[in-house]
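Analysis of the macromolecular model
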Amino acid sequence: MIENSGAQITAENRQKKPDWLRVRLPTGEGYAAVRSLVTTHKLHTICESGNCPNMGECWGAGTATFMILGNTCTRSCGFCAVATGRPAAIDWDEPQRVAEAIFLMKVKHAVITSVDRDELKDGGSIVWFNTIKAVKALNPGTTLETLIPDFKGNKENIHRIIDAAPEVVSHNIETVERLTRQVRIQAKYWQSMEVLRTLKSGGMRTKSGIMLGLGETQDEVVQTMRDLVESGVDVVTIGQYLQPTKKHLPVQRFVHPDEFNLYTKIGYELGFDYVESGPLVRSSYHSEKHVIAGIGKDEWIKKVL
């Protein structure tokens with residue numbers, strides 16, 4: 001394996017990201033069109049709320065990851081830029097507005113995520129169900145990925161997602177078991193694994209994501225990947241954690257692209273159907289490819305040959 005270099009990033013290094021983390025500023029007609037739709041329909045996107053480095057690329061291509069159930073989360077994860085606090089009342093018209101925006105964007109693949117709504121008995125799962133159904137009704141030719149919260153492990157709420165039948169259901173493990181309490185705070189590592197197992201047993205194509213650079217070791221990353229495979233996960237995304245504000249967890253290490261390539265190789269050896277691993281990879285990056293079973297390893301083999 002590649003040896004970790006620099007267990008602790010200094011303040012000076014934090015101010016200057018490596019060359020491989022540079023991204024273009026959002027520009028172009030496609031970007032402007034998506035921003036206009038998001039504003040007009042009063043929608044939230046994780047692209048903006050999460051300070052995603054790929055927003056310019058994705059919006060320029062006419063795609064966005066919609067965030068339902070408001071833009072205020074009941075949890076206070078150490079890595080996340082989404083605001084924490086008391087959420088507004090449920091907006092029952094939101095599912096139809098999301099469906100209409102996807103229709104107007106004419107996208108072939110859409111991604112939807114949400115904040116955590118722990119104050120609700122259903123965890124927001126009814127709005128989730130209504131949104132998936134509304135999107136499918138208005139956009140029958142559009143495939144859909146849903147990036148869901150853990151619903152505190154509540155099986156009834158998880159099964160609402162299964163019953164709505166999106167093409168892919170994602171739930172991110174985010175980090176290794178040792179760092180979960182520090183990084184995700186209110187979440188539990190094995191509870192998330194059980195959520196993924198429940199989704200898989202319900203017939204879903206499943207997906208999860210891991211961030212690197214928070215102090216994990218390579219052995220811990222590989223063990224997390226093993227745990228995900230054993231939980232029935234089909235697709236895994238692995239990317240570099242970037243500190244959104246000074247109040248959030250600091251970056252402990254900028255992971256070199258070669259190490260991400262190594263995790264791609266290991267992931268396919270472990271049995272994942274698709275591995276998306278790289279410094280700028282985020283959960284919904286290239287997600288349109290994750291719907292189709294069997295193409296991930298073939299694409300990777302062509303790249304390395």
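Residues numbered from 1 in each chain as written. Predicted model: local features only at pLDDT ≥ 70, side-chain atom pairs only at ≥ 80, totals over all residues. Heavy atoms only, no water.

1. A word on helix α11 (residues 257-270)
Because an α-helix completes one turn every 3.6 residues, residues spaced three or four positions apart along the sequence face the same direction. Taking 1.5 Å of rise per residue, the 14 residues of α11 would be expected to cover 20 Å, and the 20 Å separating its terminal C-alpha atoms lies within 8% of that figure. For α11, the full list of buried residues reads Glu259, Phe260, Tyr263, Thr264, Ile266, Gly267 and Tyr268. Summarising the contacts, the buried residues of α11 are in contact with β8 (205-212), α10 (218-230), β9 (235-240), β10 (274-277) and α12 (295-304). At the C-terminal side of α11, Gly271 shows a positive phi close to 120 degrees. (Helix = DSSP H or I, 4+ residues; strand = E, 2+ residues; numbered from the N terminus. Expected span 1.5 Å × (residues − 1). Buried < 20%, exposed > 50% of the residue type's maximum accessible area, 1.4 Å probe, protein only. Contact = heavy atoms within 4.5 Å.)

2. As for helix α6 (residues 125-138)
With 14 residues, α6 should reach 20 Å at 1.5 Å per residue; the first-to-last C-alpha distance of 20 Å fits that figure. Listed as buried for α6 are Ser125, Val127, Trp128, Thr131, Ile132, Ala134 and Val135. Contact partners of the buried residues in α6: β2 (65-68), α5 (94-105), β5 (109-114), β6 (143-147) and α7 (155-164).

3. Concerning the pattern of salt bridges
Going through the model one piece at a time under the given rule, you end up with 15 salt bridges. The closest approach of N and O atoms between Asp150 and Arg75, which form a salt bridge, is 2.8 Å. You can see Asp150 sitting in the loop between β6 and α7 and its partner Arg75 sitting in the loop between β3 (72-73) and β4 (83-84), a full 75 residues away along the chain. Overall, the relative accessible area of 6% leaves Arg75 in the buried class. Of the charged contacts, one joins Asp91 and Arg97 as a salt bridge, the two residues approaching to 2.9 Å between their closest N and O atoms. We classify Asp91 as partly exposed; its relative accessible area is 31%. One connected set of salt bridges, linked through shared partners, spans Arg75, Asp116, Asp118 and Asp150. (Salt bridge = Lys/Arg side-chain N within 4 Å of Asp/Glu carboxyl O.)

4. Things to note about a nonpolar patch on the surface
Where nonpolar side chains cluster on the molecular surface, the patch consists of Phe103, Leu104 and Leu138 and spans about 260 Å² of accessible area. Relative to the elements of secondary structure, Phe103 occurs in helix α5. (Patch = residues over 30% accessible without salt bridge, like charges linked within 9 Å, V, L, I, M, F, W, Y side chains within 5 Å. Areas by Shrake-Rupley, 256 points an atom, 1.4 Å probe, with all protein chains shown as cover.)

5. Let's talk about the confidence of the model for the protein
With 80% of its residues at a pLDDT of 70 or more, the protein has an overall mean of 85. Contacts for the low-pLDDT stretch residues 1-13, under 50 throughout, to residues beyond four places or in other chains number 27 contacts. (pLDDT = per-residue confidence, 0-100.)

6. Examining the side chain of Asp150
According to the relative accessible area criterion, Asp150 is buried, its value standing at 1%. Polar contacts involving the side chain of Asp150 include one to the side chain of Arg75, which spans 2.8 Å. Here the side chain of Asp150 touches Lys152 through a polar contact of 2.8 Å, landing on its backbone nitrogen. (Polar contact = N/O pair within 3.5 Å; in protein donor to acceptor, adjacent residues only side chain to side chain.)

7. Quick look at the packing of α10 against α11
It is the contact of α10 with α11, at a shortest axis distance of 10 Å, that shows an interaxial angle of 35 degrees. Handedness of the crossing formed by α10 with α11: right-handed. Packed against α10, whose contacting residues are Gln218, Val221, Val222, Met225, Arg226 and Val229, the element α11 presents Glu259, Leu262, Tyr263, Ile266, Gly267 and Leu270 at the interface. (Axes fitted to C-alpha atoms, helices over the stretch in contact; angles between N-to-C directions. Left-handed = near helix turned anticlockwise from the far one by under 90°.)

8. Some details on unusual backbone geometry
Phi at Leu69 is positive, roughly 70 degrees, even though this residue is not glycine. Within the secondary structure layout, Leu69 lies in the loop between β2 and β3. For Leu69, a relative accessible area of 4% translates into the label buried. Positive phi, normally seen in glycine, also occurs at Phe151, with a value near 50 degrees.

9. As for the nonpolar core
In terms of nonpolar packing, the biggest core is built from 31 residues, with Trp128 and Leu199 touching the most fellow members. Those elements that provide at least two residues to this core are β2, α5, β5, α6, α7 and α9 (189-201). In this structure Trp128 touches Ile68, Leu69, Ile112, Thr113, Ser114, Thr146, Leu147, Ile148, Pro149, Phe151 and Ile161, once residues within four positions along its chain are discounted. (Core = buried A, V, L, I, M, F, W, Y, C linked by side-chain atoms within 4.5 Å.)

10. Describing the environment of Ser283
Along the chain, Ser283 falls in the loop between β10 and α12. On a C-alpha basis, the gap between Ser283 and Leu147 in space is 8.3 Å, while along the polypeptide they are 136 residues apart. Not counting residues within four places of it along the chain, the set of residues in contact with Ser283 comprises Glu145, Leu147, Ser170, Asn172, Lys207 and Thr237.

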